[in-house]
Amino acid sequence: QYYGFVAYESRMRPQSFPVPVELRGIRDRAFVFLDGEPKAVFDQNTENPSVVLDIPAAGADLLILAESMGRVNFGLTIEDNLKGITGGVVLNKQQFQNDWLTRSMPLESLSKLKWRKIGGGEKYPAFLRGKFRVDDVADTFLSFEKGTRGYCWINGKLLGRYDNTSPFLSTFVPAQWLKKGENTLEILEFSGMSEFRADSETTRVKNVKGKRVVE
């Protein structure tokens, strides 16, 4: 897998105290979830990528979603371009968390996602989908001022990434990617959109008994 994400899943045993969980060797960004609830976001420049987790008596599912943000093509680190969690996950600075299940998420196609109407209170990261009409096909731009950070697809083709910390708040959409009539915009948003239309749809990936379920 050259692009996209890798999901790491492991079952954590119950602990009698809040346990620090450290991610070592993040390449390039990692989203941490415990029983489906977001707990932390780290990147390779985070000085102390550690989060304290309360593990219930029944144990808990730890999910780490690792994002590849591209590769360097210059400098001394050009050969060191491994992605994912390269150093391991350490509990309480004493032992590694083991028994991982890893899943490939290259994002080459979103055709298998199942969509539902947005009902409010959506959790992120989430996939979002909307329709728009084009009367005259022409080159245009897509604005991301309502979003935070993520990826977007036009009619099933990956257009690119966006980030509100970047000076670029829009991206070019060539006319060849559009068609007269109805077109589809799909987005993977990490943190949250500030505005939706009522006819938008969304899908969310969660963890249920060790299996990836799309709802």
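Position numbers for residues start from 1 in each chain and track the written sequence from start to end. For this predicted model, a pLDDT threshold of at least 70 governs which residues receive local features, and a threshold of 80 or more governs which side-chain atom pairs are given and counted, while totals over whole chains, interfaces and linings are taken from all residues. The side-chain values count all of the structure's non-hydrogen atoms but skip hydrogen atoms and water molecules.

**Structural notes on the sheet that holds strand β5 (residues 50-53)**
Okay, step 1: Taken together, the 4 strands give an open sheet; going across it, the order is β5-β2-β7-β8, and neighbouring strands pair in antiparallel fashion. Only two strands of the sheet have a single partner each, and these edge strands are β5 and β8 (95-96).
Okay, step 2: Note on pairing: two strands pair once DSSP finds at least 2 bridges between them. Per the convention used, a helix needs a DSSP run of H or I reaching at least four residues, while a strand needs a run of E reaching at least two, with both numbered from the N terminus. As judged from the 6 bridges shared by strand β2 (residues 19-27) and strand β7 (residues 84-91), these two strands associate in the antiparallel manner. The residue of β7 that forms the bridge with Glu 22 is Val 90.

**Some words on the side chain of Asn 183**
Okay, step 1: Relative to the assigned elements, Asn 183 resides in strand β16 (residues 181-189).
Okay, step 2: Here the side chain of Asn 183 touches Asn 155 through a polar contact of 2.8 Å, side chain to side chain.
Okay, step 3: Only 2.7 Å separates the side chain of Asn 183 from the backbone oxygen of Lys 179, close enough to count as a polar contact.
Okay, step 4: Contact criterion: two residues are considered in contact whenever any of their non-hydrogen atoms come within 4.5 Å of each other. Filtering out sequence-adjacent residues up to four positions away, Asn 183 remains in contact with Gly 130, Lys 131, Phe 132, Val 134, Asn 155, Trp 177 and Leu 178. Between N or O atoms, a polar contact is any pair within 3.5 Å; within protein, one atom must be a potential hydrogen donor and the other a potential acceptor, and residues adjacent in sequence are included only when both atoms are from side chains.

**Section: the packing of aromatic side chains**
Okay, step 1: Ring geometry is summarised as follows: Phe, Tyr and Trp rings, the Trp one being its six-membered ring, pair when their centres sit within 6.5 Å, and such pairs are stacked at plane angles under 30 degrees, edge-to-face over 60 and tilted between the two. Counted under the stated rule, the structure contains 10 aromatic pairs.
Okay, step 2: Arranged with centres 4.9 Å apart and planes meeting at 15°, the rings of Phe 31 and Phe 190 form a pair that is stacked. Here Phe 31 is found in strand β3 (residues 29-34), whereas its partner Phe 190 is found in the loop between β16 and β17 (201-203), with 159 residues between them in sequence.
Okay, step 3: The buried category is assigned to Phe 31, whose relative accessible area is 5%.
Okay, step 4: A simple rule labels every residue: compare its accessible area, found with a 1.4 Å probe on the protein chains alone, to the largest value its type can have, and call it buried under 20%, exposed over 50%, or partly exposed in between. Given a relative accessible area of 6%, Phe 190 falls into the buried group.
Okay, step 5: Connected via pairs of aromatic rings, a cluster forms that spans Phe 5, Phe 31, Phe 127, Tyr 151, Trp 153 and Phe 190.

**Details of the environment of Glu 9**
Okay, step 1: Within the secondary structure, Glu 9 sits in strand β1 (residues 5-12).
Okay, step 2: In this structure, the C-alpha to C-alpha distance between Glu 9 and Asp 61, residues 52 residues apart in sequence, is 7.0 Å.

**Some thoughts on a nonpolar patch on the surface**
Okay, step 1: Taken together, the side chains of Val 72, Phe 74 and Ile 78 define a hydrophobic patch exposed on the protein surface, amounting to about 290 Å² of accessible area.
Okay, step 2: Mapped onto the secondary structure, Ile 78 falls in the loop between β6 (60-67) and β7.
Okay, step 3: You can call Ile 78 partly exposed: its relative accessible area is 42%. Like charges within 9 Å and nonpolar side chains (Val, Leu, Ile, Met, Phe, Trp, Tyr) within 5 Å are joined into patches, using only residues over 30% in relative accessible area that form no salt bridge. Surface exposure here means Shrake-Rupley accessible area, sampled with a 1.4 Å probe, where a residue is shielded only by the protein chains that are shown. In what follows, salt bridge is the name for a side-chain nitrogen of Lys or Arg lying within 4 Å of a carboxyl oxygen of Asp or Glu.

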